[in-house]
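# An overview of the molecular structure
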Amino acid sequence: MKKTTVTSGLAASVIAIAAAWGLLAIGLIPLIAAEAVTVIAFPVLVLFLGLWWRAPGGEEDIPFIGY
Amino acid sequence: MIEYLVFAAAFGLLLLGLHRKVIARIQMRPGPPVWQEILHALKFSFKSTWIPKTASSTLYVGVVLVGIGIWSAALFVVLAGESILILFAIYMLHKVVEHGFGLSSGSPYGKFGGVRSVISAASEIPLFVTIAAIYLFTGSLLLRDIVAYQGVHGPLLLIVPPVAIAMYLVILSKMPYGPFSIVESKELVSGYKTEHFGVWRAGISVIDGTKTFVLLYAFVAIFIGAVPFWAALIIMTLILVSLSFVCAVTPMLSPFDSVTIQGLVTGLMLVYVGYLWWVMP
């Protein structure tokens, strides 16, 4: 995956979580809506954060499939 | 909200590290430091990452996202005091996630782990009986109602100890290195997790940490009731240490023995709940 794609995904998840938190704080959305956004955006944040700072390199390989 | 998720994942990983430490000490080994699982998660997230050629890319990646998502939702369900039916539905969804992990990579080890995950679905049946018994007493499946009931009548742990033992067994089934941990036993390398490495494995660590926190916190809320948050954390740690003792002194059962024992427990629980239903007004 390209670095720009990963950065965009990471930014989108951070913005979604921050927006949900902000809108909840000022009372524009109910708690359950903010939680729903967080439940969707948090997994994306975890994976894209890892993909963003992971070490470069590596190629597709075939796992060991038995003798 | 995200602070709850980060705390739950980190504390859950700390508990899993403590789990390894306690098992090691009982087995006369020094064991890893208690924060080892947190270090593992960070280490994996920094590693080179790709998708194996034999994998179904969408399922391979998607299942990690789904796994983190469902346990994040479970945490909010528990914190909000919502229905334990939702919580246990999520617990069963995790079974689908384990299966997806195993089948997505194309590795026979992962596949066997996924198949064993289906076999070990027997561990979920005591869960249904637990729910039925709780409903007989509290008349509600909302966690906040169950907690309120215990505020008046005392902890369900003392009122229906066999039901608490059944849920304890369910949590034990989910603990690594335990008698029922057939989904990731060593003859399968790491079972369904075998071919998920690097960032994907870091995602699995987040799933495991959050899952451990949610299950133990739910146990405290369902069977002990309303306690201050710091006290809940201490009780969760004590429960985990007791689970570690069980795991340390019990050999891993063969898949069929594991299912047989879980089935027997379910049978006993059914008899117990039937008796409760018969004698209760």
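Our subject is the structure that appears above.
The shown structure was predicted, so the numbers you read here are calculated from the model rather than taken from an experiment.

Criteria and cut-off values
Residues numbered from 1 in each chain as written. Chains lettered and ligands numbered in written order. Predicted model: local features only at pLDDT ≥ 70, side-chain atom pairs only at ≥ 80, totals over all residues. Helix = DSSP H or I, 4+ residues; strand = E, 2+ residues; numbered from the N terminus. Buried ≥ 20, exposed ≤ 12 C-beta atoms within 10 Å, placed from the backbone. Contact = placed C-beta atoms within 7 Å. Expected span 1.5 Å × (residues − 1).

Let us now look at the environment of Phe48(A). Residue and element names in this part refer to chain A. Looking at the element boundaries, phenylalanine 48 is found in helix α2 (residues 31-53). We classify phenylalanine 48 as buried; it has 22 C-beta atoms within 10 Å. Placed 35 residues apart in sequence, phenylalanine 48 and serine 13 show a C-alpha to C-alpha distance of 8.6 Å. Ignoring sequence-local partners within four residues, the contact set of phenylalanine 48 consists of Val6, Gly9, Leu10 and Ser13.

Moving on: helix α1 (residues 3-25) of chain A. Relative to the 33 Å expected for 23 residues at 1.5 Å per residue, α1(A) spans 33 Å between its end C-alpha atoms, a close match to the ideal helical length. For α1(A), the full list of buried residues reads Ser13(A), Ile17(A) and Ala20(A). Those residues of α1(A) that are buried are in contact with α2 of chain A together with α1 (2-26) of chain B. Downstream of α1(A) by one or two residues, Gly27(A) has phi in the positive range, about 80 degrees.

Residue and element names in this part refer to chain B. The backbone phi angle of methionine 28 is positive, close to 60 degrees, even though this residue is not glycine. Considering the arrangement of structural elements, one finds methionine 28 in the loop between α1 and α2 (36-46). Accessibility expressed as a C-beta count within 10 Å gives 7 for methionine 28, which makes it exposed. Phi is positive for tyrosine 177, close to 65 degrees, though the residue is something other than glycine. Structurally, the position occupied by tyrosine 177 is in the loop between α9 (161-174) and α10 (198-223).

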